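Fold and contact review
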Amino acid sequence: MDSASSLLAQLTQLNAEYARAIDDDRLEEWPAFFTERCVYKITSADNHRRGLEAGIVYADSIGMLRDRVSALREANVYERHTYRHLLGLPAILSERDGIVRAETPFLVARIMRNGDTAIFATGRYLDALVEDDGALRFRERVVVCDSSRTDTLLAIPL
Amino acid sequence: MPTREWPGETLTRVPYWVYQDERNYQDELRRIFEGPTWSYVCLESDVSRPGDYRTTFVGEMPIVVVRGEDGAIHAFENRCAHRGALIALDDCGSTGRHFQCIYHAWTYDLRGDLVGIAFEKGSHGRGGMPASFCKAEHAPRKLRTTTLCGLVWASLSPDAPPIERYLGEEILGRLRRVLDRPVQVLGRFVQALPNNWKLYVENVKDTYHASLLHAFFGTFRITRLTQSGGIVVSPDGGHHASFTIDRADDAVSTAYRDQGIRSEKDGYRLADPSLLEAVDEFGDGVKLQILTVFPNLVVQQIYNSIAVRQVLPKGTDGMELHWTYLGFADDTPDLRRLRLKQANLVGPAGYVSMEDGCVGGFVQRGAAAAPDAVSVVNMGGEGTESQDTRATEASVRGFWKAYRRYMGH
């Protein structure tokens, strides 16, 4: 396998593991996909296109990611639900100076406790990845949702 | 048949049918949203140059808000006088000096006056509009607009008083305190809520629930009912502002633990608490202020997270909440970053607003089979006066006082 398809295989496996950790409710494993200083943001395509910086989730450290998980486990109250991520193929945009830039489309269904199943979000992950402590990790994962609208609330990270 | 009666004069009892009844909802649209009230529609900076427009709603009426050639802000119903189609089809944009309906190219100026009809004189001497047709008599309804603190409101009624009088001195002062200089939009988000619009407005006015429902608040000492602060309710009850003041001696309160309430969690600490490092940018020690303007606007200051929230009713059991996150043009990079981090507290994924997204739906569903049962709103007594405690439902009763007056109950 040449290095380009090897990188694609790595990214595909990484994205699959990322989605599994969230969908299987192993949220405590989610921060480990990121570097110590990182950016994780959930925003809309409209805000992204206009260069508006705010996100409905905005973390710039691994500590903030852990706090997001703690808040969900210990503080926040919401009706029980789960996600199912369906991911498209990662597109490798560039590989330069140790940073891989990639874009991966996603569709997340939300399944409520009464069984209602709906498309909750679609969009793309805009990623910057680096080799960190023996693994490929996200230095940046900007979740750009196609829609500016959230149904009811967003509790579990995308 | 449910009775649709109010249980007497008291503001402490609210029947659940008000969140469910379709005819009552249609009355609300007419008497409140199309009545002598001001509905927030957009920021002044959203329509900064002539031709800039934004589409939104007043109640369920689609409207266009546009900066005119004369510099004034106009608003009119987004309905072509011909066959009723939407005239403007996007969220926002910039048109020249006209709007043109795509259906038959009927043309409007920036005031919403009909100025052009395709084939008005017919084609090859045949057809066309009758000679008696007068364009001036055909136009979508116009709304008055008013601007204050960079916010634009619209009203369909000539009887809505000037905005300063509508707000009253105290609420006006609290608004000016936060929005005293040019704003910058940091992001826009929409939250679709599965509940009647009034359930959300009540929730925002309800200072009683804040540190009980939102465990994040109580645990991280952002606000507790034992902190000093208070509420201001406008004379007619419709508007309110609640605020919390930073005080050094709150550290030792055990009132929560003594009551064994869920939101008190020992040993729960943030790994990265930097989002709670607030800056006293307004210089008065008030670290939290939530302000509502009847019927559809919330202006928040939560530490340094500033936002406006617009309530749009969508039927008896749904609504949209349009969030606009704000900063100021003179923000330093550090303050700007602090605002972006503190935005984690609010919005559809907010640490302290997440529950507000679902609790309205819990009420809508909980009361589904009890239209004639009543909600009990007795905290802090029976009145609607401003108080120096937030352990009260006075501002919720204030909402019902204003509501019943507009509705003629």
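Note that this is a predicted model, so its numbers are computed, not measured. Per chain, residues are indexed from 1 in the order of the written sequence. Throughout, the order in which chains and ligands are written sets their labels, letters from A for the former and numbers from 1 for the latter. Local features in a predicted model are, by the rule used here, given only for residues with pLDDT of at least 70; side-chain atom pairs are given and counted only at 80 or more, and totals for whole chains, interfaces and linings are based on all residues. Hydrogens and water molecules were not included; the side-chain quantities draw on all heavy atoms of the structure.

1. Some details on helix α8 (residues 333-342) of chain B
For every residue, the accessible area (1.4 Å probe, protein chains only) is compared with the maximum for its type, and the residue is labelled buried under 20%, exposed over 50%, or partly exposed between those bounds. Put simply, DSSP marks the helices as runs of H or I at least four residues long and the strands as runs of E at least two long, and each gets a number from the N terminus on. Along α8 of chain B, 7 of the 10 residues are buried, which leaves the element largely enclosed by surrounding structure. Regarding α8 of chain B, the residues found buried are Leu335, Arg336, Leu338, Arg339, Leu340, Lys341 and Gln342 of chain B. Only heavy atoms enter the contact rule, under which two residues are in contact if any of them lie within 4.5 Å. Looking at the buried residues of α8 of chain B, the elements they touch are β2 (57-59) and α3 (62-75) of chain A together with β12 (183-193), β16 (297-302), β17 (305-313) and β18 (319-328) of chain B.

2. Focus: unusual backbone geometry
Here the amide bond leading from phenylalanine 294 of chain B into proline 295 of chain B is cis, since omega sits at 0°, within 30 degrees of zero. Considering the arrangement of structural elements, one finds proline 295 of chain B in the loop between β15 (286-293) and β16. Its identity is not glycine, yet aspartate 25 of chain A carries a phi of approximately 60°, on the positive side. Mapped onto the elements of the fold, aspartate 25 of chain A is located in the loop between α1 (3-23) and β1 (34-44).

3. Looking at the sheet that holds β17 of chain B
The strands making up a sheet associate through hydrogen bonds between their backbones, and the pairing can be parallel or antiparallel. Taken in spatial order, the 8 strands make up an open sheet running β8(A)-β12(B)-β18(B)-β17(B)-β16(B)-β15(B)-β14(B)-β13(B), and their pairing is mixed. Each of the sheet's edge strands pairs with one partner strand only, and the pair in question is β8 (149-151) of chain A together with β13 (229-233) of chain B. Going across the sheet, the axis of each strand differs from the next one's by a mean of 15°, ignoring polarity. Running at roughly 160° to β18 of chain B, α8 of chain B makes contact with β12, β16, β17 and β18 of chain B of the sheet. Any two strands are treated as partners once DSSP identifies two or more bridges connecting them. An axis is simply a line fitted to the C-alpha atoms; with a helix, the fit covers only the stretch in contact. Between two such axes, the angle follows the N-to-C directions and lies from 0 to 180 degrees.

4. Focus: the environment of proline 273 of chain B
Checked against the element boundaries, proline 273 of chain B lands in the loop between α7 (255-259) and β15. Proline 273 of chain B sits 262 residues away from leucine 11 of chain B along the chain, and the two C-alpha atoms are 41 Å apart.

5. Quick notes on the packing of aromatic side chains
Any pair of Phe, Tyr and Trp rings, taking the six-membered ring for Trp, is counted once the centres come within 6.5 Å. Such a pair is stacked with planes under 30 degrees apart, edge-to-face with planes over 60 apart, and tilted for the rest. Going through the model one piece at a time under the given rule, you end up with 27 aromatic pairs over all chains. Ring centres of phenylalanine 106 of chain A and tyrosine 125 of chain A lie 4.7 Å apart, and the angle between their planes is 35°; this geometry places the pair in the tilted category. Note that phenylalanine 106 of chain A is positioned in strand β5 (residues 99-112) and tyrosine 125 of chain A in strand β6 (residues 117-132), a separation of 19 residues in sequence. Exposure class is identical for phenylalanine 106 of chain A and tyrosine 125 of chain A. Each is buried. Measuring from ring centre to ring centre gives 6.2 Å for tyrosine 19 of chain B and tryptophan 400 of chain B, while their planes differ by 75°; the resulting arrangement is edge-to-face. Linking tyrosine 19 of chain B in the loop between β1 (13-15) and α1 (22-33) with tryptophan 400 of chain B in helix α10 (residues 394-407), this pair joins segments that are 381 residues apart in sequence. Residue classification places tryptophan 400 of chain B among the buried residues on the basis of a relative accessible area of 0%. Cluster of aromatic residues (ring-pair linked, three or more members): Trp6, Tyr16, Trp17, Tyr19, Phe33, Trp197, Phe294, Phe399, Trp400, Tyr403 and Tyr406 of chain B. We call a charge positioned over a ring when the NZ of a Lys or the CZ of an Arg lies within 6 Å of the ring centre and within 35 degrees of the ring normal. Directly above the aromatic system of phenylalanine 243 of chain B lies the positively charged group of arginine 174 of chain B, at a separation of 4.0 Å from the ring centroid. Geometry around phenylalanine 328 of chain B places arginine 181 of chain B over its ring, the cationic atom sitting 4.0 Å from the centre.

6. A short note on the interface of chain B and chain A
Contact residues are listed per partner, giving 39 residues for chain B and 35 residues for chain A. Regarding the contact of chain B and chain A, the summed buried area is about 3300 Å², with carbon and sulfur atoms giving 54% of it. Simply put, the buried area is the total loss of 1.4 Å probe accessible area from both parts when two parts are fitted together. When the buried surface of chain B facing chain A is broken down by residue, Phe189, Leu340 and Met354 of chain B rank first, second and third, together holding 17% of it. Salt bridge, as used here: a side-chain nitrogen of Lys or Arg that lies within 4 Å of a carboxyl oxygen of Asp or Glu. Put simply, chain B and chain A have 3 salt bridges between them. Contacts described as polar in this section are N or O atom pairs within 3.5 Å, which, within protein, must combine one atom able to donate a hydrogen with one able to accept it, while residues neighboring in sequence count only if both atoms come from side chains. At the boundary of chain B and chain A, one finds 22 residue pairs in polar contact (both at pLDDT 80 or more). For the side of chain B that touches chain A, the leading source of residues is β12 of chain B, giving 9 residues. Of the residues that constitute the side of chain B that touches chain A, the class distribution is 23 nonpolar, 5 polar and 11 charged. Here 3 bridges tie β8 of chain A to β12 of chain B, and the two strands are oriented parallel to one another. Paired with arginine 149 of chain A across the strands is valine 190 of chain B, a residue of β12 of chain B. Gly is put with the polar residues, along with every residue not named as nonpolar or charged; the nonpolar set is Ala, Val, Leu, Ile, Met, Phe, Trp, Tyr, Cys and Pro, and the charged set is Asp, Glu, Lys and Arg.

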